[in-house]
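# Examination of the molecular architecture
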Amino acid sequence: GIDIPGYILAIRERQYGEAVRVIKESNPFPSVCGRICVHPCEFECRRNLVDAPVAINPLKRFVADYEMNSGQRVQIPRAPATGMRVAVIGGGAEGLTTAYFLNRLGHESEVYEASERLGGLLNSGLPENRLPRKVLEWEIGGILDAGVKANLNQRLGKEFTIDSLLQA
């Protein structure tokens, strides 16, 4: 769902922030994906009919690293507040992504994570050499900076219940 021609064009024009913006329209984890994705789309790339596929994954990683190294976050504008609140149970990649997109739609999004760290398997299942923790922390920080709230060490059925969420 990422506008690949759009971010490649922005890179070509050396508009790296714009390239990150294009990617983040569809993916809040560009640095993570630039490191761990096995890029199956390159096998289907039409450029294979000519010579070799376009290396979109290294391009994505390049601009995501450019953003991180600059220290300037690229944020996608948020829709006006809807007044609606959403609780997302689980602070792994799926939960954080869900909360991110709901937040962008204007909903107040709050993640409840049972462990002491966000990131789920990205944090606990991948070695440091494959996904450096500072990269993951940068990406998660961007989601939180966008307005998503996180509650750590919160277990459904122990520290909170569905009923307590509905009454809050």
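The coordinates are above.
Below you will find a few notes about this structure. (Residues numbered from 1 in each chain as written. Predicted model: local features only at pLDDT ≥ 70, side-chain atom pairs only at ≥ 80, totals over all residues. Heavy atoms only, no water.)

### Observations concerning the overall build of the chain
- The secondary structure content of the chain amounts to 9 helices and 3 strands.
- When the elements of the chain are put in sequence order from the N terminus, they spell out α-α-α-α-α-β-α-β-α-α-β-α.
- Each of the three principal axes of the chain carries a C-alpha extent, and together these read 60 × 35 × 30 Å.
- Looking at the chain as a whole, 38% of its 168 residues qualify as buried.
- The contacts of the chain with a sequence gap of at least 6 include a subset with a gap of at least 24, amounting to 67%.
- As presented, the chain carries roughly 9,600 Å² of accessible surface, and 55% of it is formed by carbon and sulfur atoms.
- Positive and negative side-chain charges in the chain, numbering 20 and 20 respectively, have mean positions lying 3 Å apart. (Helix = DSSP H or I, 4+ residues; strand = E, 2+ residues; numbered from the N terminus. Buried < 20%, exposed > 50% of the residue type's maximum accessible area, 1.4 Å probe, protein only. Contact = heavy atoms within 4.5 Å. Areas by Shrake-Rupley, 256 points an atom, 1.4 Å probe, with all protein chains shown as cover. Lys, Arg positive; Asp, Glu negative; His and termini not counted. Charge placed at Lys NZ, Arg CZ, Asp CG, Glu CD.)

### So, unusual backbone geometry
- Its identity is not glycine, yet R14 carries a phi of approximately 60 degrees, on the positive side.
- Looking at R14, the relative accessible area reads 65%, which means it is exposed.
- Of note in this structure, N153 is not a glycine but carries a positive phi near 55 degrees.
- On the secondary structure map, N153 appears in the loop between strand 3 (149–151) and helix 9 (162–167).

### Let's talk about the sheet that holds strand 2 (residues 108–112)
- The 3 strands lie next to each other as 1-2-3, forming an open sheet whose pairing is parallel. Looking at which strands have only one partner, the edges of the open sheet turn out to be strand 1 (85–89) and strand 3. Direction aside, the axes of adjacent strands within the sheet are offset by 25 degrees on average.
- The pairing of strand 1 with strand 2 spans 5 bridges and is parallel. Looking at strand 2, one finds that A87 is bridged to E110. (Pairing = 2+ DSSP bridges. Axes fitted to C-alpha atoms, helices over the stretch in contact; angles between N-to-C directions.)

### Brief notes about the packing of aromatic side chains
- By the definition in use, this model includes 4 aromatic pairs.
- With a centroid separation of 4.9 Å and 65 degrees between ring planes, the pair formed by Y16 and Y66 is classed as edge-to-face. Taken together, the residues Y16 in helix 2 (residues 16–24) and Y66 in helix 5 (residues 56–70) connect sequence positions 50 residues apart.
- For Y16, a relative accessible area of 15% gives the class buried.
- Relative accessible area serves as the criterion here: at 43%, Y66 is assigned to the partly exposed category. (Phe/Tyr/Trp six-rings, centres within 6.5 Å; stacked < 30°, edge-to-face > 60°.)

### Some thoughts on the packing of helix 2 against helix 5
- Packing of helix 2 against helix 5 leaves a shortest axis separation of 9 Å and a crossing angle of 110 degrees. In this view, helix 2 runs roughly perpendicular relative to helix 5, as classed from their interaxial angle. Considering only the axes of helix 2 and helix 5, their crossing is left-handed. Taking contact as the criterion, the partners of Y16, A19, V20, I23 and K24 in helix 2 are, on helix 5, K60, F62, V63, A64, Y66 and E67. (Parallel < 35°, antiparallel > 145°, perpendicular 65-115°, else oblique. Left-handed = near helix turned anticlockwise from the far one by under 90°.)

### What about the environment of W138?
- Mapped onto the elements of the fold, W138 is located in helix 8 (residues 133–145).
- On the accessibility criterion, W138 (14% relative accessible area) is buried.
- In this structure the C-alpha to C-alpha distance between W138 and R46, which are 92 residues apart in sequence, comes to 33 Å.
- Among residues more than four places away in sequence, those in contact with W138 are E67, M68, G71, Q72 and R73.

### A look at the environment of C45
- Following the sequence through the fold, C45 ends up in the loop between helix 4 (41–44) and helix 5.
- Separated by 10 residues in sequence, C45 and A55 place their C-alpha atoms 9.6 Å apart.
- If near-sequence neighbours (up to four positions away) are discounted, C45 is found in contact with P53 and V54.

Nothing here speaks to function; it is geometry throughout.
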